[in-house]
Amino acid sequence: MNSFLSDWNQMIKPRVSSLVLATAVPGLYLGGPVAPSTLLVFMTMLGTFLMSSASFIFNQIIEIDRDSKMKRTANRPLPAGRISIAQAWIVGFAMTFAAFGVLYYFANLLTALCAFAALLAYVFLYTILLKPRTHQNIVIGGVAGCVGPLIGYAAVSNSLPLPAWILFLMIFLWTPAHFWALAIFLKEDYSDANFPMLPVVKGVKETGRSILFYTILYVGSVIAFYWAEPSMGWLYMISSVVLSISILYLSVKLFQNPEPKFARGFFFFSILHLFLINILILIDHSIAA
């Protein structure tokens with residue numbers, strides 16, 4: 001039983017999905033004139049989680065051959081044979097249909113379409129089209145991970161206002177820097193699997209430069225949200241500036257020393273940074289309310 005749960009945990013990647021859920025929450029509370037019902041929040045989170053999980057299952061089905069060549073992924077359930085491809089397809093499609101149904105029934109069609117569009121972007125745009133062909137894969141394909149705010153706003157307002165798109169842009173700019181840091185300390189794995197990741201194609205020095213560039217743009221979007229969302233106050237502004245200075249410092253340090261240990265530190269702090277920014281949005285909004 002423990003082995004079964006562990007295998008499916010690897011297939012659906014709940015820790016990665018948790019970041020998508022975290023970015024959907026602010027929109028749920030900022031998008032409407034009143035706080036959403038507990039049922040709507042729960043069902044929106046459930047539908048988003050199921051759709052995100054399905055996309056990870058499809059990704060691993062498509063990449064089974066490449067995963068078998070990488071030390072980090074060779075023991076995943078599919079390449080190791082603990083879960084069959086047929087089982088994975090069935091569960092993936094079941095989760096997709098369930099997610100769309102939950103989001104459509106408890107929220108609205110726009111919410112369901114936003115989540116489904118993210119799955120299509122992750123599977124077709126990123127996994128199939130871009131990831132095997134270009135080192136800019138995560139820049140364009142990263143749109144799949146940016147829809148959390150759109151889902152949140154759509155669920156409560158059935159619309160996608162400007163603040164939703166600023167949050168979308170924030171995650172879009174955060175993603176390359178975050179992912180390229182991961183790619184630096186997993187460079188050999190990606191090379192073994194013939195994935196044209198930026199550190200493999202351009203080297204770690206150029207990757208460090210690109211991380212710094214996107215971090216600067218990301219920080220700009222973080223600050224811009226203060227001006228785009230009327231409910232944001234000085235708590236968000238001051239705290240986001242302090243956090244942004246911290247991530248800028250780490251990106252400069254990584255640019256100067258593009259080594260795995262510094263890349264690892266930036267990678268984990270970038271996750272914390274995005275979580276904290278979303279928490280600050282909620283706290284400042286609740287104070288203003």
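All values reported here derive from a predicted model rather than from experimental measurement. (Residues numbered from 1 in each chain as written. Predicted model: local features only at pLDDT ≥ 70, side-chain atom pairs only at ≥ 80, totals over all residues. Heavy atoms only, no water.)

Moving on to unusual backbone geometry. Trans is the common state for peptide bonds, and a negative phi is the common state for residues other than glycine. Non-glycine residue Lys 13 carries a positive phi angle of around 50°. Considering the arrangement of structural elements, one finds Lys 13 in the loop between helix H1 (2–12) and helix H2 (14–30). Take Lys 13: its relative accessible area is 19%, and that puts it in the buried class. Notably, Asn 158 is not glycine yet its phi reads approximately 55°, a positive angle. Relative to the assigned elements, Asn 158 resides in the loop between helix H9 (148–157) and helix H10 (162–185). Taking the relative accessible area as the measure of exposure, Asn 158 reaches 48% and is therefore partly exposed. (Helix = DSSP H or I, 4+ residues; strand = E, 2+ residues; numbered from the N terminus. Buried < 20%, exposed > 50% of the residue type's maximum accessible area, 1.4 Å probe, protein only.)

For the coordinates displayed, the defined rule picks out 15 aromatic pairs. Where Phe 56 meets Tyr 122, the ring centres are 5.6 Å apart and the plane angle is 85°; that geometry is what we call edge-to-face. Of this pair, Phe 56 sits in helix H3 (residues 38–62) while Tyr 122 sits in helix H7 (residues 109–130); the two residues are 66 residues apart in sequence, bridging distant segments of the chain. Look at Phe 56 and you get buried, because its relative accessible area is 7%. Measuring from centroid to centroid gives 5.3 Å for Trp 165 and Phe 168, while their planes differ by 65°, and the two rings are edge-to-face. With Trp 165 and Phe 168 both in helix H10, this residue pair falls three residues apart, about one helical turn. Classification of Phe 168 as buried rests on a relative accessible area of 15%. (Phe/Tyr/Trp six-rings, centres within 6.5 Å; stacked < 30°, edge-to-face > 60°.)

Another point: the packing of H3 against helix H6 (residues 85–106). Running from N to C, H3 and H6 cross one another at 155°; their axes reach a closest spacing of 8 Å. One element, H3, and the other, H6, form an angle in the roughly antiparallel class. The two elements H3 and H6 meet at a crossing, and its hand is left-handed. When the residues that make up the contact of H3 with H6 are grouped by side-chain class, the tally is 21 nonpolar, six polar and no charged. (Axes fitted to C-alpha atoms, helices over the stretch in contact; angles between N-to-C directions. Parallel < 35°, antiparallel > 145°, perpendicular 65-115°, else oblique. Left-handed = near helix turned anticlockwise from the far one by under 90°. Nonpolar A, V, L, I, M, F, W, Y, C, P; charged D, E, K, R; others polar.)

Let us now look at a nonpolar patch on the surface. On the surface, a cluster of nonpolar side chains totalling about 320 Å² of accessible area is made up of Ile 62, Leu 120, Phe 124 and Ile 128. When residues in the nonpolar patch are grouped by element, the largest group, three residues, is from H7. Within the element layout of this structure, Phe 124 appears in helix H7. (Patch = residues over 30% accessible without salt bridge, like charges linked within 9 Å, V, L, I, M, F, W, Y side chains within 5 Å. Areas by Shrake-Rupley, 256 points an atom, 1.4 Å probe, with all protein chains shown as cover. Salt bridge = Lys/Arg side-chain N within 4 Å of Asp/Glu carboxyl O.)

Core analysis: the largest hydrophobic core is formed by 80 residues, its most contacted members being Tyr 190, Tyr 218, Phe 225, Tyr 236 and Ile 277. A per-element tally of this core places H10 first, with 16 residues. (Core = buried A, V, L, I, M, F, W, Y, C linked by side-chain atoms within 4.5 Å.)

Summed over the entire model, instances satisfying the criterion amount to three salt bridges. As a salt-bridge pair, Arg 209 and Glu 206 come within 3.4 Å of each other at their nearest N and O atoms. With a gap of three residues between them, Arg 209 and Glu 206 both fall in helix H13 (residues 204–228), about one helical turn apart. On the basis of relative accessibility, which here comes to 31%, the residue Glu 206 falls in the partly exposed class.

So, on to the confidence of the model for the protein chain. Summary statistics for the protein chain give a mean pLDDT of 91 and a share of 99% for residues scoring 70 or more. Across the protein chain, the secondary-structure element scoring lowest on mean pLDDT is helix H8 (residues 137–141), at 75, and the one scoring highest is H6, at 97. (pLDDT = per-residue confidence, 0-100.)

Bringing the layout of surface pockets into the picture now. Here the largest pocket is characterised by a volume of approximately 1,400 Å³. Every residue lining the largest pocket is counted, 49 residues in all, and those nearest its centre are Lys 13, Val 16, Phe 56, His 178 and Leu 182. Where the lining of the largest pocket is concerned, the elements lending two or more residues are H1, H2, H3, H7, H8, H10 and helix H15 (260–288). In terms of residue count, the dominant contributor to the lining of the largest pocket is H10 (seven residues). Of the residues in the lining of the largest pocket, the class split is 28 nonpolar, 13 polar and eight charged. Empty space within the second largest pocket amounts to approximately 180 Å³. As for the second largest pocket, its lining consists of Phe 58, Ile 62, Trp 89, Phe 93, Thr 96, Phe 97, Phe 116, Leu 119, Leu 120, Val 123 and Phe 124. Looking at the lining of the second largest pocket, the elements with two or more residues in it are H3, H6 and H7. Sort the elements by how many residues they give to the lining of the second largest pocket and H7 lands first, with five residues. In terms of residue class, the lining of the second largest pocket is built from ten nonpolar, one polar and no charged. (1 Å grid on protein atoms, 1.4 Å probe; cavity = no way out; pocket = protein on both sides within 12 Å on 5 of 7 lines; lining within 4 Å. Points joined across faces, edges and corners; volume = space filled by probe spheres on them.)

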